[in-house]
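# Reading the structure
Now for the letters of each chain:
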Amino acid sequence: MLSCCAPCSCAVIEKLALKKVDFTVLFYNPNIMPQEEYEKRKEENKRICKKFGVPFLDMDYDNAAWLNFIKGFESEPERGERCKKCFLFRLKKAAKYAKENGFEAFSSVLGVSRYKNLEDVNAIAKDVAAKEGIPYVDTNWRKGGLEERRRALIKEENIYSQKYCGCVFSQKSAKNS
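Okay, so let's go over this structure. (Residues numbered from 1 in each chain as written. Predicted model: local features only at pLDDT ≥ 70, side-chain atom pairs only at ≥ 80, totals over all residues. Heavy atoms only, no water.)

## Concerning helix H1 (residues 6-18)
In this model H1 runs 17 Å from its N-terminal to its C-terminal C-alpha over 13 residues, within 8% of the 18 Å that 1.5 Å per residue would give. Burial within H1 is extensive, with eleven of its 13 residues counted as buried. Taken as a whole, H1 has its buried residues at Ala 6, Pro 7, Cys 8, Ser 9, Cys 10, Ala 11, Val 12, Ile 13, Glu 14, Leu 16 and Ala 17. Where H1 is buried, its residues touch strand E1 (2-3), strand E2 (25-27), helix H2 (35-52) and helix H6 (146-156). Lys 20 lies just past H1 and shows a positive phi near 60 degrees. (Helix = DSSP H or I, 4+ residues; strand = E, 2+ residues; numbered from the N terminus. Expected span 1.5 Å × (residues − 1). Buried < 20%, exposed > 50% of the residue type's maximum accessible area, 1.4 Å probe, protein only. Contact = heavy atoms within 4.5 Å.)

## Examining the sheet that holds E1
Across the sheet, which stays open at both edges, the three strands sit in the order E1-E2-E3 with parallel pairing between neighbours. The open sheet has two edge strands with one neighbour each: E1 and strand E3 (56-58). Two elements, E1 and E2, share two bridges in a ladder whose sense is parallel. Within the sheet, the bridge partner assigned to Leu 2 lies in E2 and is Leu 26. (Pairing = 2+ DSSP bridges.)

## Points about the packing of H1 against H6
Axis separation between H1 and H6 bottoms out at 8 Å; the angle between their running directions is 110 degrees. Regarding the angle of H1 to H6, the classification is roughly perpendicular. Residues Pro 7, Cys 8, Cys 10, Ala 11, Glu 14 and Lys 15 of H1 form the contact with H6, whose participating residues are Leu 146, Arg 149, Arg 150, Leu 153 and Ile 154. (Axes fitted to C-alpha atoms, helices over the stretch in contact; angles between N-to-C directions. Parallel < 35°, antiparallel > 145°, perpendicular 65-115°, else oblique.)

## Side note on the packing of aromatic side chains
For the structure shown, the criterion picks out eight aromatic pairs. Centre to centre, the rings of Phe 69 and Phe 89 are 4.9 Å apart; their planes meet at 45 degrees, and the pair counts as tilted. One end of the pair, Phe 69, is in helix H3 (residues 63-69); the other, Phe 89, is in helix H4 (residues 81-100), with 20 residues separating them in the sequence. A relative accessible area of 28% places Phe 69 in the partly exposed class. Phe 89 gets classed as buried once you look at its relative accessible area, which sits at 16%. One aromatic cluster in this structure is built from Phe 27, Tyr 38, Phe 56 and Tyr 61. Note that Lys 51 overlies the ring of Phe 52, its terminal NZ or CZ placed 5.5 Å from the centroid. A cation over a ring is seen here: Lys 85 above Phe 69, with NZ or CZ 4.3 Å from the ring centre. (Phe/Tyr/Trp six-rings, centres within 6.5 Å; stacked < 30°, edge-to-face > 60°. Lys NZ or Arg CZ within 6 Å of the ring centre and 35° of its normal.)

## A word on the pattern of salt bridges
The full count for this structure, using the stated rule, is 16 salt bridges. In this structure, Asp 138 engages Lys 126 in a salt bridge whose closest nitrogen and oxygen atoms are separated by 2.7 Å. Within this pair, whereas Asp 138 is found in the loop between helix H5 (118-132) and H6, its partner Lys 126 is found in helix H5, the two being separated by twelve residues in sequence. What makes Lys 126 partly exposed here is its relative accessible area of 45%. Beyond isolated ion pairs, a larger network of salt bridges with shared partners links Glu 44, Arg 47, Lys 51 and Glu 157. (Salt bridge = Lys/Arg side-chain N within 4 Å of Asp/Glu carboxyl O.)

## Topic: the nonpolar core
If you look at the biggest cluster of nonpolar residues, it comprises 50 residues, and the most contacted ones within it are Ile 13, Val 54, Leu 91, Phe 106 and Val 109. Apart from the residues within four sequence positions on either side, Leu 91 is in contact with Leu 2, Phe 106, Ser 108, Leu 110, Val 121, Ile 124, Ala 125 and Val 128. (Core = buried A, V, L, I, M, F, W, Y, C linked by side-chain atoms within 4.5 Å.)

## Section: the side chain of Ser 170
Within the fold, Ser 170 resides in helix H7 (residues 168-176). With relative accessibility at 3%, the residue Ser 170 sits in the buried group. Within the structure, the side chain of Ser 170 is placed 3.5 Å from the backbone nitrogen of Cys 165, a separation counted as a polar contact. A distance of 2.9 Å separates the side chain of Ser 170 from the backbone oxygen of Cys 167, its partner in a polar contact. Once residues lying within four places of it in the same chain are set aside, the contact partners of Ser 170 are Glu 78, Arg 82, Tyr 164 and Cys 165. (Polar contact = N/O pair within 3.5 Å; in protein donor to acceptor, adjacent residues only side chain to side chain.)

Written out as structure tokens, the structure is:
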């Protein structure tokens with residue numbers, strides 16, 4: 001499961017762990033800036049995974065590759081084409097990793113936040129899944145009480161919650177709102 005941050009993934013991690021689902025959390029977020037922010041988010045993800053006994057995998061931080069991929073989309077608004085390109089970049093890496101390492105499928109919590117378009121995430125993921133030859137588990141992690149549980153876990157576990165999605169462009173947008 002591709003995770004963007006602990007606040008978005010905590011309730012999903014808890015639910016799947018309690019159901020004894022065999023899964024691994026993949027942290028691949030080269031969009032997050034600055035790197036200190038990336039490290040904070042990674043450590044919170046690791047902490048939550050450890051609490052629930054879930055394997056955690058950290059992929060390389062390569063912000064330059066991400067910036068190159070979204071080049072020309074820097075001035076796009078949040079939830080616009082830049083976000084779609086960002087989802088594509090990260091989901092493609094997750095799908096390739098899953099296929100190359102013997103996973104049966106892949107999933108993501110990129111659409112958990114109300115600041116992101118779940119339909120975009122799922123459509124992009126399904127396209128990536130078809131091209132990479134590995135199934136995508138299309139689940140709406142916002143439903144079934146998970147949003148309420150997510151908020152409760154953030155408080156209970158004192159999970160660090162950021163004020164912006166992750167990239168420098170969303171950070172600027174958050175400061176201006």
